[in-house]
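# Coordinate inspection notes
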Amino acid sequence: MARGHMETSDLRIALFSGNYNYVRDGANQALNRLAGYLLRQGADVRVYAPTVKEPAFEPTGELISVSSVPIPGRGEYRVPLRMGRKAKRNLDAFAPNVVHVSSPDPMAHQAVSWARQRGLPVLASVHTRFETYLRYYNMAWGDPVIEAIIRRCDALVAPSESMAQVLRDERMNYDIGIWSRGVDREIFHPGRRSNAWRQSFGLGDNDIAIGFLGRLVMEKGLDVFCDTVDELKSRGVPHKVLIIGEGPARGWFEGRNPDAIFAGFQQGADLGQAVAGMDVLFNPSVTETFGNVTLEAMACGLPVVAAEATGSQSLVDDHSSGRLIRPGAIHQFAEALKAYIESPALRTAHGAAGEARAREFSWDKINQTVADTYLRLIRQKPLTNG
């Protein structure tokens, strides 16, 4: 198959990890989720990592055990010093077309060298501030080894833009992408709903709260939001308005919406509780490229009434998990909200569909960006080899 026309199903990925499944953490759960996604797309994935008799969870995909030693003072963790002969033979036979290293340890160093000898592209995923690895692992082999591993890779992916910027500032690589983490299901889920929280803001058990979530700036469509709420009022449709967020337009928003409940800026578990405390999210904004607020509301089991715009269109399934309305169409927005206010069954059905969508969509989209990075690196490799 020509490199220029490869698909995800053509990938053969050798993934190296210092801890794939023996102690549970956010990084290895992300790696297992990635492997599961790639396997579902028809790719081949083989994982090379230390193993123990009783791991924290079953590994996703084929796991090949490598030589490792317990970390001094942190016996539950192991450091892979090298692949070992058996694992190396396995790797040779597997013949990957891309190598992914996810921890800057001596085995990763060996894996990068192996890949470079064969002209194969290498992606490194950085899951934490690499300079904290040493304190974390209590290891003496030092920063230079870690930096050497990272600098020898063709590209890096980091979990956030702020982390990517740190790596850019350190001149770790010129090709740094984002492998984000989807919607946090610990924070955003229907079980976060609390009647006590709602009551503390004056919301009765039977009140239907139309929610706004985001920075309070005019470009989020605050005028459309207020005009729509005015129409509901004038038509006598019972509702409450719950605003979560802060911003320079708060004074204007409060003046236009004197009866609204302003919960202010929330984060973490408090934000999850606040979002779950809504009954429907109204997102009239047309400025988002992705629409995290829409995804977070869906994860909490809320139907979403949104403007038909880039961010929401890729998330909301019209008439299934919410409504997509022509931007600025006040009457149609009001009609959509009225339907949810008056029908608990419709709210429940569309909320459940949104939650299911949020669960698969967010992670799949994120993991496909990693697959796309593998494919791009394979395409580019003949150029970099000269």
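To start, this report covers the structure provided alongside it. (Residues numbered from 1 in each chain as written. Predicted model: local features only at pLDDT ≥ 70, side-chain atom pairs only at ≥ 80, totals over all residues. Heavy atoms only, no water.)

## Describing the packing of aromatic side chains
Centre-to-centre distance and the angle between the planes together describe a pair of aromatic rings. Defined as follows: When two rings of Phe, Tyr or Trp (its six-membered ring) have centres within 6.5 Å they constitute a pair, described as stacked for plane angles under 30 degrees, edge-to-face for angles over 60, and tilted for the intermediate range. For the exposure calls, accessible area comes from a 1.4 Å probe over protein chains only, and a residue counts as buried if that area is under 20% of its type's maximum, exposed if over 50%, partly exposed in between. Strands are runs of DSSP state E lasting at least two residues, helices are runs of H or I lasting at least four, and both sets are numbered from the N terminus onward. Over a ring means this: the NZ of a Lys or the CZ of an Arg is within 6 Å of the ring centre and within 35 degrees of the ring normal.
Evaluation of the coordinates by the stated rule reveals nine aromatic pairs. Summarising the aromatic geometry, the rings of W197 and F201 are spaced 4.6 Å apart at their centres and angled 45 degrees between planes, so their arrangement reads as tilted. Since its relative accessible area comes to 11%, W197 is described here as buried. A relative accessible area of 27% means that F201 is categorised as partly exposed. With a centroid separation of 5.5 Å and 85 degrees between ring planes, the pair formed by F212 and F225 is classed as edge-to-face. Within this pair, whereas F212 is found in strand β10 (residues 209-213), its partner F225 is found in helix α8 (residues 222-234), the two being separated by 13 residues in sequence. Of the two residues, F212 and F225, both sit in the buried class. Each member of the aromatic cluster is reached from another via a ring pair, and the members are F212, F225, W252, F253, F262, F282 and F333. The residue whose ring lies beneath R33 is W363, and the NZ or CZ to ring-centre distance is 3.9 Å.

## Focus: the sheet that holds strand β1 (residues 12-16)
What counts here: Pairing between strands requires that DSSP locate at least two bridges from one strand to the other. Each axis is a line fitted through C-alpha atoms, and for a helix only the stretch in contact is used; angles between axes span 0 to 180 degrees, taken between their N-to-C directions. Should any heavy atoms of two residues lie within 4.5 Å, those residues are counted as being in contact.
With parallel pairing, the seven strands of this open sheet are ordered in space as β3-β2-β1-β6-β7-β8-β9. Here the strands that pair on one side only, and so sit at the sheet edges, are β3 (62-65) and β9 (176-178). Each strand of the sheet is rotated relative to its neighbour by a mean of 25 degrees, with strand direction disregarded. Of the strands in this sheet, β1, β2 (44-49) and β3 touch helix α2 (residues 85-94), which is tilted by about 165 degrees from β2.

## Some points on the pattern of salt bridges
For clarity, the cut-off: In the sections that follow, a salt bridge refers to a side-chain nitrogen of Lys or Arg positioned within 4 Å of a carboxyl oxygen of Asp or Glu.
A complete count under the given rule lists 21 salt bridges for this structure. With its nearest N and O atoms 3.7 Å apart, the salt bridge here joins R118 to D92. Taken as a pair, R118 in the loop between α3 (106-117) and β7 (122-125) and D92 in helix α2 lie far apart in primary sequence, 26 residues in all. According to the relative accessible area criterion, R118 is partly exposed, its value standing at 40%. For R198, the salt bridge identified is with D279, shortest N-O distance 3.1 Å. On the criterion of sequence distance, the pair formed by R198 in helix α7 (residues 195-200) and D279 in the loop between α10 (268-276) and β13 (280-283) is long-range, its members being 81 residues apart. Note on accessibility: R198 and D279 belong to one class, buried.

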